[in-house]
Amino acid sequence: MFKVPVLLILYNRIEETHNVFQVLKTIQPTQLYVAGDGCKAGNMLDRSRVYQTRCVIQPAWHCQLHTYWQEEHLGKSQMMYQAMQWFFEQEEEGVIIMEDTIPSYDFFPYCEELLSRYRNDEHVFSIGGTYLRHRSRKRYNKRLKKGGSSYYFSAYATTWGFATWKNRWKDFTLSLSQYSNEDFANMVSPYMRKQKQKIYWLRRFAILKKHDIPYWDYQFNFHIWAHQGLCITPYLNLVTNIGFKKQPKRKIRRLKRNAYPIMPLTHPTKIEQNFKEDRYMFKHIFKRAFLYLFRDWLTEILPNKNEQED
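Computed from a predicted structure; not experimentally measured.

### Details of the pattern of salt bridges
Scanning the entire structure with this criterion turns up four salt bridges. K166 is paired through a salt bridge with E92; the nearest N and O atoms lie 4.0 Å apart. Placement of the pair is K166 in helix α6 (residues 166-169) and E92 in the loop between α3 (76-88) and β4 (93-98), with a sequence separation of 74 residues. Owing to a relative accessible area of 32%, K166 belongs among the partly exposed residues under this scheme.

This is the structure we're talking about:
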């Protein structure tokens, strides 16, 4: 039995939810929270898929099951925000996974150990399960033999599967109105050694704020930077994203990674940002990802706004 509370956030992906639930059946969390977005108005196929997805959640082990079902469709970011708020109204810490991911079994003890280790160190904000560089278990073992650690500290939160604490999530909001451009420049500066990186994030912040785009992944990073926080990233990928079926093949190749066992952990001696790893994330992930943000916004956010106006 896994004693750390687990939050599963889902929408309408029946097969994917079934797959991730098989992992949950194996680790058997004693406290299972499940939050589901509502169906899109007037879409009967979506309505059917939403309810079929929810029916997958049938724990056969002894646990306390808590559910939070939305009746109206909120979209990814609003749903994520509300689900996390609901979760942390009841728990002090926990593991968060999405319906379109497959966590490795080691992901859960990894999160459990690090939640305990850094519980009282508020410099650490998030424990990510994703590593997007190509690294095999064999290369990872060579790293450990040379005195390396199992994970590093990053400016960037990875959120396909992660863990965090209530007091780190506190005050998080999807709004950017509390930050001026000058505030944000001061926030981002310590994390970026290259001027082009600072300019990139300043421009992205300005776009998100101007158009009031609720894109929770970015806002969560901004929240962490505002509090001078860092995020844990493993040197082996622990969570496979299986939600790329309709994405361009080049994006699938770049972002889809197999998951590996990582336990037992070897801990770093210092809590400090790994600028080398973060340069890779900036160059190969964030610089290429922003166009997809707007595509997702156009397909997800704008239809919701139009429905509300109607």
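Here the narrative resumes.
### A word on the side chain of R54
In this structure, R54 sits in helix α2 (residues 44-55). Despite being buried, R54 has no salt bridge partner; E71 is the closest side chain of opposite charge, sitting 4.6 Å away. Once you skip the residues sitting within four places of it in the chain, R54 turns out to touch L10, G36, D37, G38, W69 and Q70.

### Quick look at a positive patch on the surface
Together, R193, K194, K196, K276, R279 and K283 make up a region of like positive charge exposed at the surface. With three residues, helix α11 (residues 275-309) is the largest single contributor of residues to the positive patch. With respect to the helices and strands, R193 occurs in the loop between α7 (181-188) and α8 (195-210).

### Considering the pairing of strand β2 (residues 31-36)
Burial within β2 is extensive, with six of its six residues counted as buried. Every second residue of β2 is oriented toward a common face, with Q31, Y33 and A35 on one face and L32, V34 and G36 on the other, all of them buried. Where β2 and strand β3 (residues 64-69) come together, six bridges link them in parallel fashion. The residue of β3 that forms the bridge with G36 is W69. Read from β2 through α2 to β3, the crossover connection turns out right-handed.

### Quick look at the packing of aromatic side chains
With the rule as written, the count across this model stands at 38 aromatic pairs. With a centroid separation of 5.1 Å and an interplanar angle of 50°, the aromatic rings of F87 and F88 are classed as tilted. With centroids separated by 5.8 Å and ring planes inclined at 90°, the aromatic side chains of Y118 and F153 adopt a geometry described as edge-to-face. With Y118 in the loop between α4 (107-117) and β6 (124-128) and F153 in strand β7 (residues 151-154), this pair connects stretches of sequence that are 35 residues apart. Relative accessible area serves as the criterion here: at 1%, F153 is assigned to the buried category. Every member of this aromatic cluster is reached through a ring pair, and the members are Y156, F184, Y191, Y200, W201, F205, Y215, Y218, F222, W225, F282 and F286. If you follow R54 out to its NZ or CZ, it ends over the ring of Y51, 5.1 Å from the centre. Above the ring of F275, the side-chain terminus of R193 is found at 3.7 Å from the ring centroid.

### A word on the sheet that holds β2
The strands that make up a sheet pair up through hydrogen bonds in the backbone, lying either parallel or antiparallel. Read across the sheet, eight strands follow the order β3-β2-β1-β4-β8-β6-β9-β7 without closing on themselves; strand pairing throughout is mixed. Looking at the sheet topology across the chains shown, the edges are occupied by β3 and β7. Each neighbouring strand pair of the sheet contributes to a mean axis angle of 25°, computed without reference to strand direction. Here β7 pairs with strand β9 (residues 230-234) via four bridges, running antiparallel. Each bridged residue has a counterpart across the sheet, and for Y151 the counterpart in β9 is P234. Each of β1 (6-10), β2, β3, β4 and β8 (161-165) is contacted by α3, which is oriented at about 155° to β1, the strand it contacts most.

### A short note on α4
Those residues of α4 not exposed but buried are F107, F108, Y110, C111, L114 and L115. The arc that holds every buried residue of α4, seen down its axis, measures 155°, which confines them to one face.

### Some words on the environment of W86
In this fold, W86 is placed in helix α3. Overall, the relative accessible area of 11% leaves W86 in the buried class. Sequence separation between W86 and Y68 is 18 residues; the distance between their C-alpha atoms is 8.0 Å.

### A look at the packing of α8 against helix α9 (residues 216-226)
Look at α8 against α9: their axes get within 12 Å of each other, and the N-to-C directions meet at 120°. Judged by the angle between their axes, α8 and α9 are oblique. Along this stretch, α8 crosses α9, giving a crossing that reads as left-handed. In contact with Y200, W201, F205 and L208 of α8, α9 contributes Y218, F222 and W225. In the contact of α8 with α9, the residues fall into seven nonpolar, no polar and no charged.

The rules behind the values
Counting starts from 1 at the beginning of each chain's written sequence and moves along it residue by residue. With pLDDT at 70 or above as the cut-off, local features in this predicted model cover only qualifying residues; side-chain atom pairs require 80 or more to be listed or tallied, and sums for whole chains, interfaces and linings still use all residues. Calculated side-chain values reflect all of the structure's heavy atoms, with hydrogen atoms and water omitted. Any carboxyl oxygen of Asp or Glu that lies within 4 Å of a side-chain nitrogen of Lys or Arg is treated as forming a salt bridge with it. Secondary structure follows DSSP: runs of H or I at least 4 residues long count as helices, runs of E at least 2 residues long count as strands, and numbering of each begins at the N terminus. For every residue, the accessible area (1.4 Å probe, protein chains only) is compared with the maximum for its type, and the residue is labelled buried under 20%, exposed over 50%, or partly exposed between those bounds. Counting rule applied: Lys, Arg positive; Asp, Glu negative; His and chain ends not counted. What makes two residues a contact is simply this: any of their non-hydrogen atoms within 4.5 Å. Only residues whose relative accessible area exceeds 30% and that form no salt bridge enter a patch; like-charged residues are grouped when within 9 Å of one another, and nonpolar side chains (Val, Leu, Ile, Met, Phe, Trp, Tyr) when within 5 Å. Per-residue and other accessible areas follow the Shrake-Rupley method at a 1.4 Å probe size, with only the shown protein chains counted as cover for residues. A charged residue contributes its charge at one atom only: NZ of Lys, CZ of Arg, CG of Asp or CD of Glu. Note on pairing: two strands pair once DSSP finds at least 2 bridges between them. The path from the first strand over the helix to the second decides the hand: if it runs clockwise while the strands point away from the viewer, the crossover is right-handed. Stacked, tilted and edge-to-face pairs are distinguished by plane angle, under 30 degrees for stacked and over 60 for edge-to-face with tilted covering the rest, among Phe, Tyr and Trp rings (Trp via its six-membered ring) whose centres lie within 6.5 Å. Our definition puts a charge over a ring when NZ of Lys or CZ of Arg is within 6 Å of the ring centre and also within 35 degrees of the ring normal. Simply put, an axis is a line fit to the C-alpha atoms, just over the touching stretch for a helix, and the angle between two N-to-C directions goes from 0 to 180 degrees. Regarding the arc, it is the one traced by the directions from the helix axis to the C-beta atoms. Reported orientations rely on four angle classes, namely roughly parallel under 35 degrees, roughly antiparallel over 145, roughly perpendicular from 65 to 115, and oblique for the rest. Here a crossing is taken to be left-handed if its near helix is turned anticlockwise relative to the far helix by less than a right angle, and right-handed if that turn runs clockwise. Under this grouping Gly is polar, as are all residues other than the nonpolar Ala, Val, Leu, Ile, Met, Phe, Trp, Tyr, Cys and Pro and the charged Asp, Glu, Lys and Arg.

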